[in-house]
Every structure is written in C-alpha cells, then in structure tokens.
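Architecture and fold: a report
For reference, the chains in residue letters:
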Amino acid sequence: MFTHRDRARLKLILRGKRIGLALSEIREILDLYELARDEASQSLKLLQLLSERKKQLEEQRNDIDAVLSEIVVLEGHCRQVIDTMTGKDATN
C-alpha cells in the first residue's frame, strides 16, 4: 500500500517528532530532498536542526538540575522547621 519512499518519509517524520522537531522543520528537510534529490543538503539541514535541538535540551537539563537542587535545599529546610516545631531530633 505504501511505497518504500512513503515509509521512509513517515519514519523521518516520526523520528523528527520524537526528538522534538517542529513539523515545519521536518517539512523543510523533506522539501530539501525533493528539490535537490540528494541526501547531502538534507543531511546538512538535519545536522543543523539536531545541533539546535541538542543545545535546547542541554539548557533544559541544566535548568531542571538547578530546580531539583533548590527543591532538595527547601525540603531540608522544611524538615528542620518541622523537627524544631515538633521537638523531634533532626537525625530521625
């Protein structure tokens, strides 16, 4: 029912969505193949998009790590306050 080309396009679309590319970015990659009929220009564009996406994800990971560290500090503070107010030893 689907040609090899159709399956390859669908695979690229699904893979692009899985890594967080916008449909417009995926379409741009597919359009490059249609225009140039080679994988070099398509691969170059994909490499650029992958680099940008990787940078975004690394920045998000750094933000998440910072928030998690702050949560650990706040949890410790809350436990100290509760232990102080209830007369419990902080080592329990």
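See the structure printed just above.
Residues numbered from 1 in each chain as written. Predicted model: local features only at pLDDT ≥ 70, side-chain atom pairs only at ≥ 80, totals over all residues. Heavy atoms only, no water.

Topic: the overall build of the chain
For clarity, the threshold we go by: Every helix listed is a DSSP run of H or I at least four residues long, and every strand listed is a run of E at least two residues long, numbered separately from the N terminus. Radius of gyration means the value over C-alpha atoms here, while the globule rule gives 2.2 Å times the residue count to the 0.38 power.
The number of helices and strands found in the chain is three helices and zero strands. Start at the N end of the chain and walk to the C end: the helices and strands fall as α-α-α. A globule of 92 residues ought to have a C-alpha radius of gyration of about 12 Å, yet the chain, at 24 Å, is considerably larger. Over its C-alpha atoms, taken along the principal directions, the chain stretches across nearly 75 × 30 × 20 Å.

Describing helix 3 (residues 39–86)
Short version of the rule: Multiply 1.5 Å by the residue count of a helix minus one, and that product is the helix's expected span. Only protein chains enter the calculation, and the probe is 1.4 Å; a residue is then buried if its accessible area is under 20% of its type maximum, exposed if over 50%, and partly exposed in between.
In a regular helix each residue adds 1.5 Å, so 48 residues correspond to 70 Å; helix 3 covers 68 Å between its end C-alpha atoms and thus fits that length. Listed as buried for helix 3 are Gln-42, Lys-45, Leu-49, Arg-53 and Asp-83. Of the residues one or two after helix 3, Gly-87 is the one with positive phi, at around 75°.

Points about the side chain of Lys-45
Filter applied, for reference: Residue contacts are defined here by distance: any two heavy atoms, one from each residue, within 4.5 Å place the two residues in contact.
With respect to the helices and strands, the residue Lys-45 is situated in helix 3. In this structure Lys-45 touches Glu-28, Ile-29 and Leu-32, once residues within four positions along its chain are discounted.

Things to note about the side chain of Arg-53
Under the convention used in this document: In this tally, Asp and Glu contribute negative charge and Lys and Arg positive charge; neither His nor the terminal groups of the chain are included. Between Lys or Arg on one side and Asp or Glu on the other, a salt bridge is scored when a side-chain nitrogen of the former is within 4 Å of a carboxyl oxygen of the latter. Under this definition, polar contacts are N or O atom pairs within 3.5 Å; protein pairs additionally need one hydrogen-donor-capable and one acceptor-capable atom, and for neighbouring residues in sequence, both atoms have to be side-chain atoms.
Position of Arg-53 among the secondary structure elements: in helix 3. Although Arg-53 lies buried, it forms no salt bridge, and the closest oppositely charged side chain, Glu-25, sits 7.3 Å away as judged by the N-O distance. Within the structure, Arg-53 has its side chain in polar contact with the backbone oxygen of Ile-19 (distance 2.7 Å). Setting aside chain neighbours within four positions, we find Arg-53 in contact with Ile-19 and Gly-20.

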